[in-house]
Amino acid sequence: TPLIHSATPPLLTSNPGDDITLTCTTSGSYPATVRWTRPGSSLPGGEEEVLADVLRIDDVAAEDSGTYQCTAVDDRGRSAKRTVKVVVVQDRDAVASAANNTFLRMMSFLTIFFVRKVVDISH
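Cut-offs applied
- Residues numbered from 1 in each chain as written.
- Predicted model: local features only at pLDDT ≥ 70, side-chain atom pairs only at ≥ 80, totals over all residues.
- Heavy atoms only, no water.
- Helix = DSSP H or I, 4+ residues; strand = E, 2+ residues; numbered from the N terminus.
- Polar contact = N/O pair within 3.5 Å; in protein donor to acceptor, adjacent residues only side chain to side chain.
- Contact = heavy atoms within 4.5 Å.
- Pairing = 2+ DSSP bridges.
- Axes fitted to C-alpha atoms, helices over the stretch in contact; angles between N-to-C directions.
- Disulfide = S-S within 2.5 Å.
- Buried < 20%, exposed > 50% of the residue type's maximum accessible area, 1.4 Å probe, protein only.

### What to know about the side chain of R82
Consideration 1: Considering the arrangement of structural elements, one finds R82 in strand β9 (residues 79-88).
Consideration 2: A distance of 2.7 Å separates a polar side-chain atom of R82 from the backbone oxygen of T8.
Consideration 3: Contacts of R82, omitting those with residues within four sequence positions, involve I4, S6, T8, P9, P10, Y68, Q69 and C70.

Laid out in structure tokens, this is it:
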């Protein structure tokens, strides 16, 4: 069975516009062919699979987020698989702003709820 070695972590986060590289090198008694796929979707270039040890994605966007899988198959038909989850994060300021807005809406709701309860008790 081929062994898969990779410098790519199982979870890879990236910012929009970055270039990312997914690696899947092999070792073993017999030569292996490496195939990259994206289960449930096509690869960013539109391909169903890429035969290569390295998959490079230039100028990543949010729609490139997802699970990528490399499969190594040796000359005897034995295989090994490895997956990498790619997460393309939004701009940090946008994430902070969204979190802040959610917090403010929640505090506003709690304040209104609390004031209504105080008014109800006083009657």
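### Considerations on the environment of C70
Consideration 1: Along the chain, the position of C70 falls in strand β8 (residues 66-74).
Consideration 2: In this structure the C-alpha to C-alpha distance between C70 and R35, which are 35 residues apart in sequence, comes to 5.5 Å.
Consideration 3: What C70 contacts, discounting residues up to four positions off in sequence, is I4, C24, V34, R35, W36, A80, K81 and R82.

### Examining the sheet that holds strand β2 (residues 11-14)
Consideration 1: Within the open sheet, the five strands sit side by side as β2-β9-β8-β5-β6. Their pairing is mixed. Of all the strands in the sheet, the pair left with one neighbour each is β2 and β6 (49-51). When the angles between neighbouring strand axes are averaged without regard to direction, this sheet yields 25°.
Consideration 2: Strand direction decides the pairing type here: strand β5 (residues 32-37) and β6, joined by three bridges, are antiparallel.

### Details of the environment of H5
Consideration 1: Within the secondary structure layout, H5 lies in strand β1 (residues 3-5).
Consideration 2: Considering only alpha carbons, one finds H5 and R82, 77 residues apart in sequence, at a separation of 9.2 Å.
Consideration 3: If near-sequence neighbours (up to four positions away) are discounted, H5 is found in contact with T23, C24, T25, T26 and S27.
Consideration 4: Side chain to side chain, H5 and S27 meet in a polar contact 2.6 Å long.

### Digging into the state of the cysteines
Consideration 1: All chains considered together, the criterion is met by one disulfide.
Consideration 2: What pairs with C24 in a disulfide is C70, and their sulfur atoms sit 1.9 Å apart. Taking the sign of the S-S torsion, about 60° here, the bridge from C24 to C70 comes out right-handed. Remark: C70 occurs in strand β8 and C24 occurs in the loop between β3 (20-23) and β4 (25-27); sequence separation between them is 46 residues.
Consideration 3: On the accessibility criterion, C24 (0% relative accessible area) is buried.

### Considering the side chain of T8
Consideration 1: Tracing the backbone shows T8 in the loop between β1 and β2.
Consideration 2: According to the relative accessible area criterion, T8 is buried, its value standing at 5%.
Consideration 3: A polar contact is formed between the side chain of T8 and the backbone nitrogen of T23, at a distance of 2.9 Å.
Consideration 4: Setting aside residues up to four positions removed in sequence, T8 forms contacts with T21, L22, T23, R82 and V84.

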